[in-house]
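Here are the chains, one letter per residue:
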Amino acid sequence: MRLLIWSPAPWAATGFGKVAGAIGPRIAKKHQVAYFIFTHAHNTPGLKFGSPDNPLEVFTAPRGPMRKENQWVNQVRESWGADAVLSIFDWWALPENFHRWAPPSLIAYTPVDAIPLAPQLQARLQSATYIVPMCHWAKSVYEEAKMLVESPILHGVDLNLYKPIPKGEARNAINSNLMLDMNLPNNAFVVGIVARNAADRKNLPAQMKAFYQASIPNSKLFYVGDLDEPKGWNLQGVWRLLAGNDNNQLVYFNGEFAETGMPYVYSSMDVLMNCTYGEGFGFPLIEAGACGVPSIVTDFSSMRELVQPERGYLVSGEVSHCQQILSTWQMIPSLKKMRDTLVLSYERHDDQFLSLVTKGQAMRKWVIENCDWDKIGNQWITFLDKIESDIKPKR
């Protein structure tokens, strides 16, 4: 089968880019694969991605409005001779007239992070030949909307990179990258947040407030993201509202670590906090888990599936955040329960059966069993093998 992956650039430092970059070369072990990308490159012939032994072609579109660029996918599909197109992006953002130019044999791999299924998403997905959910929770949302979907295929982790690093070694490495007046002491209780500061959905101010109100002795809040992103929250201002000029508990790295540094980031934490309104999947949860670090998450969307009580903490709340554009609901986690869960995780950190170390070990075991990129790649190959006989006669 010849598969065209329609996505952001497979080298892009985004969730979609990470998925595209991980599964393409693995699928190429069995099928022929190329990319059509609509970000990070325009009018750039001759691009390749993957290993020197099996470089994959990367096709781009002329520069223009993104919705116009996407319409080039059919021209690329026809010229390259693709049997199927695998799309990896947010489908709800496609134009209303998408059905007029949607490619045939189209596989939709798109996130769902709210309930019910957004009307815009449901309408556009009528143009998909196959829908592959990103998790079992998403599958249930599709099925509530009476949509036929395939078995879920999760995201993955490079287990050769993401593995536990001794806490002292990890913190020493992180401290060498921080501003001079910041550090993560070896004896501190470190709560980490890894999130882009670009959407209300990430709930960053409330998570910072829960940490501050928890008043955990000798604790640090380690934020990796964009502290003062123009399109996001002024998080330094949020912290000043909470703590005045006392910055002793806040440690941050303003920007992104190279991926090779992320295992040190996660391994420097005692627990990762990800109490957002909803997640389509949630890479930080499985990346931290691969490093043996458990998470505190909202009991909603994919987070409910990735984190269970034996391998982390679930925080309840109310399904009361309305996404106005999509006419859907997400969960606002309880501030009190976020705070109490942080305290609980600290108080039990030495408990033989309930400690963060025990939960982290259980999370790592689950990630190894369910989120190894090589296993995920094989699941995609199995799916493509299954549909190949249906697709090829349609070309």
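Shown above is the structure to which this text applies.
What counts as what
Residues numbered from 1 in each chain as written. Predicted model: local features only at pLDDT ≥ 70, side-chain atom pairs only at ≥ 80, totals over all residues. Heavy atoms only, no water. Axes fitted to C-alpha atoms, helices over the stretch in contact; angles between N-to-C directions. Helix = DSSP H or I, 4+ residues; strand = E, 2+ residues; numbered from the N terminus. Parallel < 35°, antiparallel > 145°, perpendicular 65-115°, else oblique. Left-handed = near helix turned anticlockwise from the far one by under 90°. Contact = heavy atoms within 4.5 Å. Nonpolar A, V, L, I, M, F, W, Y, C, P; charged D, E, K, R; others polar. Pairing = 2+ DSSP bridges.

**So, the packing of helix H8 (residues 204-214) against helix H13 (residues 335-347)**
Across the interface, H8 lies against H13 with an axial gap of 8 Å and an inter-helix angle of 50°. It follows from the interaxial angle that H8 and H13 lie oblique. Considering how the two elements wind past one another, H8 and H13 form a crossing that is right-handed. The residues of H13 that touch H8, namely those facing Ala206, Gln207, Lys209, Ala210, Phe211, Gln213 and Ala214, are Leu335, Met338, Arg339, Leu342 and Val343. Residues that form the contact of H8 with H13 fall into these classes: eight nonpolar, two polar and two charged.

**Brief notes about the sheet that holds strand S6 (residues 106-109)**
Taken together, the seven strands give an open sheet; going across it, the order is S3-S4-S2-S1-S5-S6-S7, and neighbouring strands pair in mixed fashion. If you trace the sheet from one side to the other, it starts and ends with strand S3 (47-49) and strand S7 (130-131), each paired once. Where S3 meets strand S4 (residues 56-59), three bridges bridge the pair, whose relative direction is antiparallel. Residue pairing in the sheet places Phe49 in a bridge with Leu56 of S4. Contacting strand S1 (2-7), strand S2 (32-37), S4 and strand S5 (84-88), helix H3 (residues 73-80) runs over the sheet at an angle of about 160° to S1. Strands in contact with helix H15 (residues 373-391) are S1, S5, S6 and S7; relative to S6, the strand with the most contacts, it is inclined by about 150°.

**Structural notes on the sheet that holds strand S10 (residues 250-254)**
Backbone-to-backbone hydrogen bonds pair the strands of a sheet. The strands run either parallel or antiparallel. Read from one edge of the open sheet, six strands run S10-S9-S8-S11-S12-S13, paired in parallel fashion. With partners counted over all chains shown, the strands left at the sheet margins are S10 and strand S13 (312-315), one partner each. Taking the axes of each pair of neighbouring strands and ignoring which way they run, one obtains an average angle of 20° across the sheet. The sheet contact formed by strand S12 (residues 295-298) and S13 spans four bridges and is parallel. Bridge pairing links Ser295 to Gly312 in S13.

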